[in-house]
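In case you want the letters, here they are:
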Amino acid sequence: MLEAVLFDLDGTLVDTPQAIIDVTQATMAALGREPVAVQEIKNGIGLPLPQALALLLGSGPAGASEAVEIYRTLWRTHVTPRIPELVYPGVREGMRELRALGLRLAVVTGKGQEGADATVDLAGLREVMEVVLGYTSVPRGKPAPDLAIEAAKRLRVEPARAVVVGDSELDVQMATAAGMRTVAVTYGAQSSEQLQGATWFAHSFPEVVRILRAEATLAACPSPA
């Protein structure tokens, strides 16, 4: 039975992967570093920012503190004002349809809690989200199950009755570790080849809604006598 859906943000609800790439490259330039491979940046989307930047810099998270500050300043200046226009087509309408089906909705993101709340608000999704969780609200970020488990706890649903929707292998790994199914979207940061292990694949947000609608409707149908 499907009762709740947990959504990633970047690359799933909001079209920010290119912005993440651009801001990361600008951060590297500000530090006097050479540009990094685009796929390396994409593979880190969903990780806590200090961890993602540390991997690119070849340092520990503490060694990435200057990069984190530069990145966050650039993001607030160049990306935050654009969030309302970066929401993927069909997201706002789809969320209303999912709520009308009685599904409970949450955000589970690799952003810090402040960034998660700001993005949800600017995207116009606050009224449909019962829970918004960033990595700073749990002991461990993705791919650990902590975000998914905490969201299910706050929604008062069993993990087996929740589905994670995300664009990264980190989302698939998190869901699997939490005992949840996954809708992997292929329009975000990673390809379907990188998202192996997902329960379903979707190539647009309306397709995500169709999958969830079918699953919710199937669960609501009585078994034949």
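Everything below is about the structure shown above.
Treat the numbers as computed from the prediction; the structure is a model and nothing was measured.

Draft legend 1. A look at the nonpolar core. Grouped together as the largest cluster of nonpolar side chains are 55 residues, with contacts concentrated most on Phe7, Leu13, Met95, Met129 and Leu212. A per-element tally of this core places helix H10 (residues 205-220) first, with 6 residues. Leave out the neighbours within four places in its chain, and methionine 129 touches Phe7, Leu13, Met95, Arg99, Leu105, Ala106, Val107 and Val120. Counting residues in hydrophobic clusters, the runner-up holds 19 residues, among them Leu133, Leu147, Ala152 and Ala178.

Draft legend 2. Molecular detail of the layout of surface pockets. Considered as a void within the structure, the largest pocket measures approximately 720 Å³ in volume. Looking at the largest pocket, it is lined by 34 residues, and the ones nearest its centre are Leu49, Tyr71, Arg72, Lys111 and Gly112. Among the secondary structure elements, those contributing two or more residues to the lining of the largest pocket are helix H1 (17-30), helix H2 (38-44), helix H3 (49-57), helix H4 (65-78) and helix H7 (113-122). The dominant element in the lining of the largest pocket, judged by the number of residues it contributes, is H7, at 6 residues. Looking at side-chain class alone, the lining of the largest pocket contains 15 nonpolar, 12 polar and 7 charged residues.

Draft legend 3. Quick look at the pattern of salt bridges. The full count for this structure, using the stated rule, is 11 salt bridges. One salt bridge in this structure joins lysine 142 and aspartate 8, with 2.9 Å as the shortest N-O distance. With a gap of 134 residues between them, lysine 142 in the loop between strand S3 (131-133) and helix H8 (146-155) and aspartate 8 in the loop between strand S1 (4-7) and H1 connect regions that are remote in the sequence. Close ionic contact of arginine 126 with aspartate 121 constitutes a salt bridge, the shortest N to O distance being 2.7 Å. Residue arginine 126 is classed as partly exposed on the basis of its relative accessible area of 34%. Ionic contacts of the salt-bridge type, sharing partners, join the residues Asp8, Lys142 and Asp171 into one network.

Draft legend 4. Summary view of the environment of tyrosine 187. Its location among the elements puts tyrosine 187 in the loop between strand S5 (181-185) and strand S6 (200-202). Taking the C-alpha atoms as reference points, tyrosine 187 and glycine 112, 75 residues apart in sequence, are found 23 Å from one another. When near neighbours in sequence (up to four residues on either side) are disregarded, tyrosine 187 contacts Gly11, Thr12, Tyr88, Ala202, His203, Ser204, Phe205 and Val208. Polar contacts involving the side chain of tyrosine 187 include one to the main-chain carbonyl oxygen of threonine 12, which spans 2.8 Å.

Analysis parameters
Residues numbered from 1 in each chain as written. Predicted model: local features only at pLDDT ≥ 70, side-chain atom pairs only at ≥ 80, totals over all residues. Heavy atoms only, no water. Core = buried A, V, L, I, M, F, W, Y, C linked by side-chain atoms within 4.5 Å. Buried < 20%, exposed > 50% of the residue type's maximum accessible area, 1.4 Å probe, protein only. Helix = DSSP H or I, 4+ residues; strand = E, 2+ residues; numbered from the N terminus. Contact = heavy atoms within 4.5 Å. 1 Å grid on protein atoms, 1.4 Å probe; cavity = no way out; pocket = protein on both sides within 12 Å on 5 of 7 lines; lining within 4 Å. Points joined across faces, edges and corners; volume = space filled by probe spheres on them. Nonpolar A, V, L, I, M, F, W, Y, C, P; charged D, E, K, R; others polar. Salt bridge = Lys/Arg side-chain N within 4 Å of Asp/Glu carboxyl O. Polar contact = N/O pair within 3.5 Å; in protein donor to acceptor, adjacent residues only side chain to side chain.

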